[in-house]
Amino acid sequence: MVLLIKFYDIKIKQFDSKHIQVIRYSKPNITDYVSPSKGKKKSVIDEFNLSPEDIIYRRKRSNKVSVNRTINTLYDLARSNSWEYFVTLTFNPDKVDSFDYNVVTKKLSNWLIVLRRNNPNVKYLGVPERHKTGRYHFHFLFANVSFNLVDSGKFTDKGLPIYNIGNYKWGFSTAIKVYDTNGISKYICKYITKDLCFDTKDKKRYWRSKNLNLPKVYEYDTNIENIDLDLTEFEVIHSQTKTNTYISPVTGAKVENIVEYIELEKI
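Report follows, based on the coordinates. Note that residues are indexed from 1 along each chain, following the sequence as it is written. The model is predicted, so local features are restricted to residues of pLDDT at least 70 and side-chain atom pairs to those at 80 or more, both for listing and for counting; the totals for chains, interfaces and linings are taken over all residues. The basis for every side-chain value is the complete set of non-hydrogen atoms in the structure, without hydrogens or water.

**Things to note about the side chain of E263**
Okay, step 1: Helix and strand definitions follow DSSP, with helices as H or I runs of at least four residues and strands as E runs of at least two, each counted in order from the N terminus. As for its position among the elements, E263 is in strand 12 (residues 254-266).
Okay, step 2: Residue exposure (1.4 Å probe, protein chains only): buried if accessible area is under 20% of the type maximum, exposed if over 50%, otherwise partly exposed. Exposure remark for E263: the relative accessible area of 3% places this residue in the buried category.
Okay, step 3: Pairs of N or O atoms within 3.5 Å make up the polar contacts considered here, provided that, within protein, one atom can donate a hydrogen while the other can accept it, and that residues adjacent in sequence are counted only when both atoms are side-chain atoms. Of note is the side chain of E263, whose polar atom sits 2.7 Å from the side chain of Y75.
Okay, step 4: Note on contacts: a residue pair qualifies if any of its non-hydrogen atoms lie within 4.5 Å across the two residues. Those residues in contact with E263 that lie beyond four places of it in its chain are F15, I20, Q21, Y75, R79, E235, V236, I237 and H238.

**Examining the environment of S209**
Okay, step 1: Mapped onto the secondary structure, S209 falls in the loop between strand 9 (207-208) and strand 10 (216-220).
Okay, step 2: Judged by its relative accessible area of 4%, S209 is buried.
Okay, step 3: Expressed as a C-alpha distance, the spacing of S209 and L125, which sit 84 residues apart in the sequence, is 6.7 Å.
Okay, step 4: When neighbours within four sequence positions are excluded, S209 is seen to be in contact with V122, K123 and Y124.
Okay, step 5: Within the structure, S209 has its side chain in polar contact with the side chain of N211 (distance 2.6 Å).

**Quick word on helix 2 (residues 101-118)**
Each α-helix winds once per 3.6 residues, and so residues spaced three or four apart point in a common direction.
Okay, step 1: Residue count minus one, scaled by 1.5 Å, sets the expected span of a helix. Between its terminal C-alpha atoms helix 2 stretches 26 Å, which fits the 26 Å expected from 18 residues at 1.5 Å a residue.
Okay, step 2: Considering only its buried residues, helix 2 is in contact with strand 3 (85-89), strand 4 (123-130), strand 5 (136-143), strand 7 (161-165) and strand 9.
Okay, step 3: Sitting at the amino-terminal end of helix 2 is D100, which places a side-chain oxygen 3.0 Å from the backbone nitrogen of N102.

**A closer look at the side chain of S185**
Okay, step 1: For S185, the location among the structural elements is in helix 3 (residues 181-189).
Okay, step 2: With sequence-adjacent residues up to four places away left out, S185 is seen in contact with Y75, A78 and R79.

**Looking at the layout of surface pockets**
Okay, step 1: Only protein atoms enter the 1 Å grid used here. Points where a 1.4 Å probe fits but cannot escape make up a cavity, open sets with protein on both sides within 12 Å along at least five of seven lines make up a pocket, and a residue lines them when an atom lies within 4 Å of a point. Grid points are joined across faces, edges and corners, and a volume is the space filled by probe spheres set on the points. Taken as a whole, the second largest pocket encloses approximately 480 Å³ of empty space.
Okay, step 2: Looking at the second largest pocket, it is lined by 16 residues, and the ones nearest its centre are T156, K158, L160, I176 and I184.
Okay, step 3: Elements with a contribution of two residues or more to the lining of the second largest pocket: strand 3, strand 8 (173-177) and helix 3.
Okay, step 4: All amino acids are sorted into three groups, where Ala, Val, Leu, Ile, Met, Phe, Trp, Tyr, Cys and Pro are nonpolar, Asp, Glu, Lys and Arg are charged, and the leftover types, Gly among them, are polar. A class-by-class count of the residues in the lining of the second largest pocket yields eight nonpolar, four polar and four charged.

**A look at the sheet that holds strand 1 (residues 7-14)**
Okay, step 1: An order of 10-1-2-12-11 is seen for the five strands of this open sheet, with the pairing classed as antiparallel. The strands lining the two open edges of the sheet, one partner per strand, are strand 10 and strand 11 (234-247). Along the sheet, successive strands turn relative to each other by an average axial angle of 20°, direction set aside.
Okay, step 2: Judged from the five bridges that link them, strand 1 and strand 10 form a sheet pairing that is antiparallel. Bridge pairing in strand 10 links K13 to V217. Paired strands, as defined in this entry, are two strands with at least two bridges between them according to DSSP. A fitted line through C-alpha atoms represents every axis, and for helices the fit uses only the stretch in contact; the resulting angles, taken between N-to-C directions, go from 0 to 180 degrees.

What follows is the structure in structure tokens.
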């Protein structure tokens with residue numbers, strides 16, 4: 001039996017007909033690689049022969065991978081859908097113990113159940129944020145939804161009116177109309193932090209409706225000039241470079257992979 005391993009060093013995500021993201025890697029990745037340890041419980045014995053420095057590195061690396069994976073998932077979901085409202089939901093401490101993550105998430109889930117019942121086609125994507133006081137609140141993107149909006153009389157720094165949601169009874173709420181899906185996608189991802197992932201370990205970290213669009217993903221092992229995709233119709237609107245460090249599944253050595261993210265918009 002011959003095991004065919006495919007590699008890629010360029011990934012293209014198509015969010016919609018007008019927006020794509022090109023990701024270029026300095027070192028190739030294995031397509032659909034599944035770690036032999038995936039699904040297995042980690043044991044203290046696994047770290048028995050490691051130095052304290054290696055143990056700290058592995059645990060920090062694991063946390064970083066978890067954060068990045070969640071951010072990438074949120075970004076893909078946020079960019080691949082059109083949104084109507086950016087919503088913030090807080091919890092009144094007289095009604096809900098907002099220090100208890102299990103309590104607030106249960107209240108939130110019940111509220112979403114009622115919302116879906118009244119809005120069968122609603123789309124949503126939400127993340128928690130822990131305030132410096134220790135209390136939790138949530139930020140959401142919504143579409144295909146009818147809220148009982150109440151004008152608060154206040155405005156954002158950009159002059160957009162801020163509304164309250166009349167049928168949200170667990171605390172304070174704000175709703176702002178979305179005019180820039182790209183910008184709001186980056187904004188909502190910033191709430192996913194290492195501390196939040198640590199606080200919510202083995203718990204739900206984001207809420208999404210099942211009807212969200214996903215980006216079309218293409219992987220190539222070639223130069224970008226040889227890709228069968230007409231990029232001349234697009235212009236670069238943003239780019240950034242990051243360095244990812246990981247343990248090679250083959251050699252066990254630390255590997256640095258320079259990753260370039262290029263956002264393009266159809267002209």
